[in-house]
Amino acid sequence: MEAKAVSLEPSQRSRKLGLSGIREIFEKAQKIPDVIRLEFGEPDFDTPDNIKAAAVRAINNGKTKYTSSAGIPELRAAISAKLSKENQVVYDAAKEVVVTAGATSAINLAFLSVADIGDEILVPDPGWATYTHAVHIVGSIPVPYPLRESAGYSFERKVAEKLVTPKTKAILINTPSNPTGAILSRSNLKEIAEFAIEKNLFVISDEVYEKFLYDGGSTKNEHVSIASLPEMKERTVTINAFSKTYAMTGWRLGYAAAAEPISAAMAKINAAESSCVSSVAQYAALEALTGPQDSVREMISAFAKRREVLVSGLNELPGFKCPMPHGAFYAFPNIRATGQNSHSLAMKIVEKGHVAVVPGSSFGAQAELNIRLAYANSLENIQLALERIRKIL
Ligand SMILES: Cc1ncc(COP(=O)(O)O)c(C=O)c1O
């Protein structure tokens, strides 16, 4: 019998998730043996030994079964203690903390818990591309709010206000920011809080880079959790992860904290979606939070040196202008004066210079004239990359 042509198609929502520019560069870079990778957003450090040992202990002690869908109680207690001590927000470990498969899953759970089909969610432009994908998965509509370089990538109420409609449900903020490296100051966060209260919005606050701060002693060195501001805990979902801080990107461990009923909704969806997060990874995360923190400090001080070298080197390249990023581990130079757009320049840099960087256009329409370089690579490679880019310019 002749096989019938299949006329089934993937869902509309799945078709809205485009391949990000990072992937495109990644595919090209894979084929270049001596390429220098500055496109990836993950620390080049190994997970600290004490964390690995805790995972091995968990395996040997039989901690290999399903856990509560919100996470093991010890880890939730450690997260709650951390949020109270470091972020000045008190969350009930038993009811208000949900352990997730990385910040990525926490963001998905947060959107699924606060928004419905057809609702609108404000996302930063430029911002991490996955936010838009996560909004599409819910069936909601992403509405990019511009963060302008001329305003230091701070939130500008007069700009965001115009985008609010009766369907707007939430605003996502990210500080320190991927891709700009900018930090939202306490006073700017107060403005966001006032805006959210007045417009009755949820705030999803992605704080995965909170430890990556470099300008010691200045106000630029302060990470403020918006949930700690008056009247904000009830409308905020605080998102964080072990991925960047403890060089644990592959372990897939993060969390979301929110007041009930949003935390209860997230735990329910987590249970339905994946039952629970890997038990072994949860025990590793418990050690990460409660064990020695020296490795975090060492990693941040290495990043601080690389930031100086990369940013000053970029500012010496013809046509490049790079503001000093205060946090995360990305430089985000403006390339307007090269006369090229971000996509064609990034392609040229990888193909001719053998350095992988990300076109700004992957992060939103506002960043057509920027490229992103992660300084999650050795000082030697950063210097070599600068040399190679100089040559092709
Ligand atoms: C701003 C931001 N949030 C979240 C994530 C993802 O974190 P995780 O690996 O914990 O899912 C990334 C990864 O690059 C990121 O840049």
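Here, the structure is the one placed above.
Every chain is numbered on its own, with residues counted from 1 as its sequence reads. Under the rules for a predicted model, residues below a pLDDT of 70 receive no local features and side-chain atom pairs below 80 are neither given nor counted, while totals for whole chains, interfaces and linings still include all residues. For the side-chain quantities, the full set of heavy atoms in the structure was used; hydrogens and water were omitted.

Enquirer: Can you break down the overall build of the chain residue by residue, with the values?
Expert: The helix and strand inventory of the chain stands at 13 helices and twelve strands. By the compact-globule yardstick of 21 Å for 393 residues, the chain fits well, its C-alpha radius of gyration being 21 Å. With respect to the principal axes defined by its C-alpha atoms, the chain has extents near 70 × 55 × 50 Å. The buried share of the chain, taken over its 393 residues, is 55%. It only takes one pair of heavy atoms within 4.5 Å for two residues to be counted as in contact. Within the chain, counting contacts between residues at least 6 apart in sequence, those at least 24 apart form 74% of the total. Working definition of accessibility: Shrake-Rupley area with a 1.4 Å probe, residue cover restricted to the visible protein chains. Accessible area for the chain stands at about 17200 Å²; split by element, carbon and sulfur atoms hold 53% of it. Under this rule, positive means Lys or Arg and negative means Asp or Glu; His and the chain ends count for nothing. Charge positions are represented by NZ for Lys, CZ for Arg, CG for Asp and CD for Glu. Here the chain carries 44 positive and 42 negative side-chain charges, and the mean point of each set is 2 Å from the other. Numbered from the N terminus, helices here are DSSP runs of H or I no shorter than four residues, and strands are runs of E no shorter than two. It is over C-alpha atoms that the radius of gyration is taken, and the globule rule equals 2.2 Å times the number of residues to the power 0.38. Working definition: with a 1.4 Å probe on protein chains only, accessible area under 20% of the residue-type maximum means buried, over 50% means exposed, and in between means partly exposed.

Enquirer: Give me the nonpolar core: which residues, what numbers.
Expert: Considering soluble globular proteins, one finds that nonpolar side chains tend to be buried as a cluster. Leu-75 and Phe-242 are the most contacted members of the largest nonpolar core, which totals 98 residues. Among the elements that make up this core, the one with the highest residue count is helix 10 (residues 279-290) (eight residues). In this structure, Leu-75 is in contact with Val-99, Phe-242, Leu-253, Gln-282, Ala-285, Leu-286 and Leu-289, ignoring residues within four places of it in sequence. Residues belong to one nonpolar core when they are buried, are Ala, Val, Leu, Ile, Met, Phe, Trp, Tyr or Cys, and are joined through side-chain atoms within 4.5 Å.

Enquirer: Give a detailed account of the site of the ligand, specifying residues and quantitative values.
Expert: Note on definitions. A residue lies near a molecule or strand when any single heavy atom of the residue is within 4 Å of it. Around the ligand, the surrounding shell holds 14 residues, and the nearest of these are Thr-104, Asp-206, Tyr-209, Ser-243 and Lys-244. At 2.7 Å, a side-chain N or O of Asn-178 approaches an oxygen atom of the ligand. Polar contact is defined as a pair of N or O atoms within 3.5 Å, subject to the rule that within protein one atom must be able to donate a hydrogen and the other to accept it, and that residues adjacent in sequence are counted only when both atoms are side-chain atoms. With respect to the ligand, the side chain of Arg-252 contributes an N or O atom lying 2.7 Å from an oxygen atom. Burial of the ligand by the surrounding chains reaches 93%, relative to a free accessible area of 400 Å². Ten residues, namely Ala, Val, Leu, Ile, Met, Phe, Trp, Tyr, Cys and Pro, are considered nonpolar, four, namely Asp, Glu, Lys and Arg, are considered charged, and the remaining ones, Gly among them, are considered polar. A class-by-class count of the residues in the shell around the ligand yields six nonpolar, five polar and three charged.

Enquirer: Give a description of the sheet that holds strand 2 (residues 97-100) that names residues and reports values.
Expert: Strand order in the open sheet made by the seven strands is 2-8-7-6-5-3-4, with mixed pairing throughout. The sheet terminates laterally at strand 2 and strand 4 (141-146), the two strands that pair on one side only. Here the average twist between neighbouring strands, direction ignored, is 25°. Against the sheet, helix 9 (residues 262-274) contacts strand 2, strand 6 (202-206), strand 7 (236-241) and strand 8 (254-257), and its axis sits at roughly 30° relative to strand 2. A pair of strands is considered paired only if DSSP assigns at least 2 bridges between the two. Only the stretch in contact is used when fitting a helix axis, every axis being a line fitted to C-alpha atoms; angles between N-to-C directions are given from 0 to 180 degrees.

Enquirer: So, the packing of aromatic side chains: which residues are in play, and what are the values?
Expert: Classification of ring pairs rests on two measures: the distance between centres of Phe, Tyr or Trp rings, Trp counted by its six-membered ring, which must be within 6.5 Å, and the angle between planes, read as stacked under 30 degrees, edge-to-face over 60 and tilted in between. Scanning the model with the defined rule gives 18 aromatic pairs in all. Here, a charge over a ring means that NZ of Lys or CZ of Arg falls within 6 Å of the ring centre while also lying within 35 degrees of the ring normal. Here Arg-306 stacks its cationic end above the ring of Phe-303, 5.0 Å away from the centre of that ring.

Enquirer: I'd like a rundown of the sheet that holds strand 11 (residues 358-359), residues and numbers included.
Expert: Pairing within the open sheet is antiparallel, and its three strands lie in the order 9-12-11. With one partner strand each, in any of the chains shown, strand 9 (330-331) and strand 11 form the two edges of the open sheet. Here strand 9 pairs with strand 12 (residues 371-374) via two bridges, running antiparallel. Among the inter-strand pairings, Ala-331 is bridged to a residue of strand 12, identified as Leu-373.

Enquirer: Let's hear about the side chain of Glu-207: which residues, and what values?
Expert: Along the polypeptide, Glu-207 turns up in the loop between strand 6 and strand 7. Salt bridges are defined by distance alone: a side-chain nitrogen of Lys or Arg within 4 Å of a carboxyl oxygen of Asp or Glu. It turns out Glu-207 is buried and unbridged, and the closest side chain with the opposite charge, Lys-82, is 6.3 Å from it. Of note is the side chain of Glu-207, whose polar atom sits 2.7 Å from the side chain of Ser-205.

Enquirer: Which residues make up the packing of helix 12 (residues 342-353) against helix 13 (residues 379-392), and what are the values?
Expert: As a packed pair, helix 12 and helix 13 sit with axes 10 Å apart at the nearest point and diverge in direction by 105°. One element, helix 12, and the other, helix 13, form an angle in the roughly perpendicular class. Between helix 12 and helix 13, the residues in contact are Lys-348, Ile-349, Lys-352 and Gly-353 and Arg-388, Ile-389 and Ile-392, respectively. Of the residues belonging to the contact of helix 12 with helix 13, the class tally is three nonpolar, one polar and three charged. Oblique is the label for every angle not falling under 35 degrees (roughly parallel), over 145 degrees (roughly antiparallel), or within 65 to 115 degrees (roughly perpendicular).

Everything listed is a geometric property; what it means functionally is a separate question.
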